[in-house]
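Summary of structural features
The chain contents come next:
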Amino acid sequence: MTGRTSWWVMPLPAVTQGGARMTAHTVAGLKTTPSRHSVDETLERLSAILRTTGVTVFALVDHSGEAAKVGMTMRPTKLLIFGNPKSGTPLMIASPSIAIDLPLKILVWEDAEGKVWLSYNSPAYLQARHHLPQELVQNVAVIETLAARAGE
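From a predicted model like this one, the values you see are computed outputs, not experimental measurements. Just so you know, the residues in each chain are numbered from 1, in the order the chain's sequence is written. Thresholds applied to this predicted model are a pLDDT of at least 70 for local features of residues and 80 or more for the giving and counting of side-chain atom pairs; totals over whole chains, interfaces and linings are not thresholded and use all residues. Excluded from the side-chain calculations are hydrogens and water; all other atoms, namely the structure's heavy atoms, are used.

Some words on the environment of Ile 143
Going by this rule: Only runs of H or I of at least four residues qualify as helices and only runs of E of at least two qualify as strands under DSSP, and these elements are numbered from the N terminus. In what follows, a contact means two residues having at least one pair of non-hydrogen atoms within 4.5 Å.
If you trace the backbone, Ile 143 turns up in helix 5 (residues 138–151). Taking the C-alpha atoms as reference, Ile 143 lies 8.4 Å from Ser 122; in sequence the two are 21 residues apart. Sequence-distant contacts of Ile 143, defined by excluding residues within four places in its chain, comprise Phe 82, Leu 104, Lys 105, Ile 106, Tyr 120, Asn 121 and Pro 123.

Right under this line is the structure:
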């Protein structure tokens, strides 16, 4: 597919982590959108949106913070894990394998130029990967709206 990006192959910007230059690459099923805020501000915005919609935040994994604990340096990189059993349970009943990808996750990270990004599994990728019925895709598609709102 020359000149076109499909839902299962998303180009990512080149980044540098810990001083090593990483080249632009593609990640199957991953969507990456920009944020106008810092990593922490983006996470605060996302957490506030989740609270107002009754979604549970299960964990925040601070990858860069953990790296610092072992004497390694990396740009701010944090993973927010969240969900709602009312939305997730029907998905797992229809296709038990989706439990490997639930709860939903959004990775918020900063590239070498200081630009902040939100990355998450594409709903279309999750549908294809787990053979989800079309009528249940909306249960994971909300992640696109959440990422867009947190980054604006």
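What about the nonpolar core?
Where we set the bar: We call a set of buried Ala, Val, Leu, Ile, Met, Phe, Trp, Tyr and Cys residues a nonpolar core when their side-chain atoms join them within 4.5 Å. Classification of residues uses two cut-offs on accessible area relative to the type maximum, computed with a 1.4 Å probe and protein chains only: under 20% is buried, over 50% is exposed, and between them is partly exposed.
In this structure, Leu 46, Phe 82, Leu 91, Ile 106 and Val 108 are the most contacted members of the largest nonpolar core, which totals 25 residues. The residues contacting Leu 91, other than those within four sequence positions of it, are Ile 98, Leu 102, Leu 132, Leu 136, Asn 139 and Val 140.

Here's the deal with the pattern of salt bridges
We apply this condition: Salt bridge, as used here, is a side-chain nitrogen of Lys or Arg placed within 4 Å of a carboxyl oxygen of Asp or Glu.
Under the criterion given, the structure shown has five salt bridges. A salt bridge links Lys 78 to Asp 40, with the shortest nitrogen-to-oxygen separation between them at 2.6 Å. Of this pair, Lys 78 sits in strand 7 (residues 77–83) while Asp 40 is found in helix 1 (residues 39–52), placing the two residues 38 residues apart along the sequence. The exposure class assigned to Lys 78 is buried, which follows from its relative accessible area of 14%. Here Arg 129 makes a salt bridge to Asp 101, at a shortest N to O gap of 2.8 Å. One end of the pair, Arg 129, is in helix 4 (residues 123–130); the other, Asp 101, is in the loop between helix 3 (85–94) and strand 8 (104–110), and 28 residues separate them in sequence. The exposure class assigned to Arg 129 is partly exposed, which follows from its relative accessible area of 41%.

Some remarks on a positive patch on the surface
Stated formally: The residues that make up patches have over 30% relative accessible area and no salt bridge, and they are joined within 9 Å when like-charged or within 5 Å when they are Val, Leu, Ile, Met, Phe, Trp or Tyr. Note on areas: Shrake-Rupley with a 1.4 Å probe; residue coverage comes only from the protein chains shown. For the purpose of charge, His is not counted, nor are the chain termini; Lys and Arg are scored as positive and Asp and Glu as negative. Lys charges are placed at NZ, Arg charges at CZ, Asp charges at CG and Glu charges at CD.
On the surface, Arg 36, Arg 45, Lys 115 and Arg 149 cluster together into a patch of positive charge. Among the secondary structure elements, Arg 149 is positioned in helix 5.

Overview of the confidence of the model for the protein
What counts is decided by this rule: For every residue, the predictor reports its confidence as pLDDT, a number between 0 and 100.
Of the residues in the protein, 83% have a pLDDT of 70 or more, and the chain-wide mean is 87. Confidence drops under a pLDDT of 50 for residues 1–11, and excluding neighbours within four residues, the segment shows 21 contacts in the predicted structure. For residues 15–25, every residue scores under 50 in pLDDT, and the model assigns this stretch 27 contacts once sequence neighbours within four places are set aside.

Describing the environment of Ile 98
With respect to the helices and strands, Ile 98 occurs in the loop between helix 3 and strand 8. Dropping the residues within four chain positions of it, Ile 98 is found in contact with Leu 91, Met 92, His 130 and Leu 132.

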